[in-house]
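This is what each chain is made of:
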Amino acid sequence: MKKAISVILSLVLMMSIFTACSKAEDKDKNDTENMTITIDSHYSSMDSSVVRAYEKLCNAVIAGEKEVKFNAALSDDVYQLFYTCFPLYALVDGVKTLDDMSGASITYKNSDEEHQKLVSEFCAKLEEIKAACEYGSVNASRYVFNVYDYIVKNIKIDNSVVSAFDTMMQGKGCPAAICSVFEYLVLQGGGNASHVSSALEIVSYAQFMGKWYYFNPALDISDSEEKTLKGFAMDSKRAGGMLFFYTDSAQADKVEDTTYDKLENAISYMPENDEINVTLSDGEKFIVNFN
């Protein structure tokens with residue numbers, strides 16, 4: 001009788017472990033399946049065959065595959081998208097076009113097990129941040145603000161961290177990587193954003209309230225409890241007055257809309273329902289409204 005009970009308990013324990021492992025695997029699978037492959041808005045009109053090949057490459061990296069098939073004649077454009085738009089490139093050691101031009105081989109920086117762990121953790125972090133930014137329950141412009149607000153309050157400046165992947169996972173990064181995170185999160189929320197740079201600055205170019213502005217959340221990151229919006233919705237002058245270029249060297253449009261110019265003098269802000277009440281250095285108030 002005791003032996004029978006022991007066997008039954010062992011079986012119950014094994015089933016519990018199996019069930020727990022299955023649930024964990026299902027969760028990891030759901031996290032990665034929910035990950036949308038996004039494209040920098042500047043490349044939104046790129047040939048659909050290039051986009052499909054890019055998506056194949058990204059999905060291969062998510063799955064940890066060592067080879068992906070696509071028309072390698074498209075490689076230059078595919079790799080442009082991959083290294084501009086996809087944060088998980090940071091886990092890749094190299095992508096090499098196959099000799100027969102049927103696709104590419106992929107090598108990774110980590111073991112297969114560690115790679116899958118990092119991909120799952122990134123996807124989970126992405127969903128966590130989107131939830132914190134109220135994705136799905138606020139309109140597009142409020143989501144853009146919430147992403148900016150999240151970054152300013154949760155990410156620190158650290159020039160030794162240079163990729164969007166590491167910045168999201170570690171909560172710190174260089175200004176360029178922080179801008180890349182901003183763009184990626186905006187795109188993940190269904191908005192429009194692009195990575196641009198001048199001779200002196202790397203900033204984000206994104207759509208807010210139906211218009212395009214420059215954004216630089218790194219300007220508003222500090223150790224102070226009081227956060228500002230100096231880098232939010234900037235025209236070209238506020239952004240440095242220089243010409244900005246996309247990652248393919250095409251010139252970005254100048255921004256002449258000065259609706260949010262007063263934010264240059266912001267010293268603090270407070271979200272209140274559908275408005276953001278901003279205090280300026282001269283004591284005046286400025287309202288950012290999302291309706």
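All of the points below concern the structure found in this document. Because the structure is predicted, anything quoted here is derived from the model rather than measured.

Reading the values: the criteria
- Residues numbered from 1 in each chain as written.
- Predicted model: local features only at pLDDT ≥ 70, side-chain atom pairs only at ≥ 80, totals over all residues.
- Heavy atoms only, no water.
- Helix = DSSP H or I, 4+ residues; strand = E, 2+ residues; numbered from the N terminus.
- Buried < 20%, exposed > 50% of the residue type's maximum accessible area, 1.4 Å probe, protein only.
- Contact = heavy atoms within 4.5 Å.
- Pairing = 2+ DSSP bridges.
- Axes fitted to C-alpha atoms, helices over the stretch in contact; angles between N-to-C directions.
- Salt bridge = Lys/Arg side-chain N within 4 Å of Asp/Glu carboxyl O.
- Expected span 1.5 Å × (residues − 1).

1. Overview of the overall build of the chain
Part 1 of the argument: Scanning the chain from terminus to terminus reveals 7 helices and 12 strands.
Part 2 of the argument: Taking all 291 residues of the chain together, 46% fall into the buried category.
Part 3 of the argument: When contacts within the chain are restricted to residue pairs at least 6 apart in sequence, those whose partners lie at least 24 apart make up 56%.

2. Quick notes on the pairing of strand S6 (residues 193-197)
Part 1 of the argument: Counting buried positions along S6 gives 4 out of 5 residues, so the element sits mostly inside the fold.
Part 2 of the argument: As defined by bridge partners, S6 adjoins strand S7 (residues 202-208) across 5 bridges and the pair is classed as antiparallel. What sits directly across from Ala193, in S7, is Ala206.
Part 3 of the argument: Counting the residues in the hairpin turn of S6 and S7 gives 4 residues.
Part 4 of the argument: Summarising the sheet, S6 and strand S9 (residues 245-246) pair through 2 bridges and their orientation is antiparallel. Following the sheet pairing, Ser197 is matched in S9 by Phe245.

3. Quick look at the sheet that holds S9
Part 1 of the argument: As summarised here, the arrangement of the 4 strands in space is S8-S7-S6-S9, forming an open sheet in which the pairing is antiparallel. Of all the strands in the sheet, just strand S8 (211-215) and S9 have a single pairing partner and so form its edges.

4. A closer look at the sheet that holds strand S11 (residues 275-280)
Part 1 of the argument: Strand order in the open sheet formed by 3 strands is S10-S11-S12, and the pairing between neighbours is antiparallel. If you trace the sheet from one side to the other, it starts and ends with strand S10 (266-272) and strand S12 (285-289), each paired once. Neighbour to neighbour, the strand axes of the sheet diverge by 25 degrees on average, direction disregarded.
Part 2 of the argument: Across 5 bridges, S11 lies against S12 in antiparallel orientation. Its bridge partner lying in S12, Asn277 is registered against Ile287.
Part 3 of the argument: Against the sheet, helix H5 (residues 140-154) contacts S10 and S11, and its axis sits at roughly 125 degrees relative to S10.

5. Regarding the pattern of salt bridges
Part 1 of the argument: In this structure the tally under the stated criterion is 9 salt bridges.
Part 2 of the argument: Between Glu128 and Lys125 there is a salt bridge; the shortest N-O distance is 3.2 Å. Here the residue Glu128 and the residue Lys125 both occupy positions in helix H4 (residues 112-132), the gap between them amounting to 3 residues, near one helical turn.
Part 3 of the argument: A salt bridge links Lys172 to Asp158; the nearest nitrogen and oxygen atoms lie 3.7 Å apart. One end of the pair, Lys172, is in strand S5 (residues 172-173); the other, Asp158, is in the loop between strand S4 (156-157) and helix H6 (164-170), with 14 residues separating them in the sequence.
Part 4 of the argument: When its relative accessible area of 31% is taken as the criterion, Lys172 is described as partly exposed.

6. What about helix H7 (residues 175-188)?
Part 1 of the argument: Taking 1.5 Å of rise per residue, the 14 residues of H7 would be expected to cover 20 Å, and the 20 Å separating its terminal C-alpha atoms lies within 8% of that figure.
Part 2 of the argument: Where burial is concerned, most of H7 is hidden: 11 out of the 14 residues are buried.
Part 3 of the argument: Burial in H7 covers these residues: Ala177, Ile178, Cys179, Val181, Phe182, Glu183, Tyr184, Leu185, Val186, Leu187 and Gln188.
Part 4 of the argument: Following H7 by one or two positions, Gly190 has its phi on the positive side, about 90 degrees.

7. Topic: unusual backbone geometry
With the exception of glycine, the majority of residues adopt a negative phi angle, and the majority of peptide bonds are in the trans configuration.
Part 1 of the argument: In this model, Met209 sits at a positive phi of 55 degrees, which is unusual for a non-glycine residue.
Part 2 of the argument: Positioned with a positive phi, Ser249 is a non-glycine residue whose angle comes to about 75 degrees.
Part 3 of the argument: Looking at the element boundaries, Ser249 is found in the loop between S9 and S10.
Part 4 of the argument: Here Ser249 falls in the exposed class, since its relative accessible area comes to 58%.

8. Examining the environment of Glu67
Part 1 of the argument: Summarising the element assignment, Glu67 is placed in strand S1 (residues 67-69).
Part 2 of the argument: Residue class for Glu67 comes out partly exposed when judged on its relative accessible area of 40%.
Part 3 of the argument: C-alpha of Glu67 to C-alpha of Ser105: the two residues are 38 residues apart in sequence and 4.3 Å apart in space.
Part 4 of the argument: Once you skip the residues sitting within four places of it in the chain, Glu67 turns out to touch Leu98, Ala104 and Ser105.

9. So, the side chain of Asn216
Part 1 of the argument: Relative to the helices and strands, Asn216 is located in the loop between S8 and S9.
Part 2 of the argument: The buried category is assigned to Asn216, whose relative accessible area is 5%.
Part 3 of the argument: Not counting chain neighbours up to four residues away, the residues in contact with Asn216 comprise Tyr148, Cys179, Glu201, Val203, Gly231 and Met234.

That is the geometry; function is a separate question.
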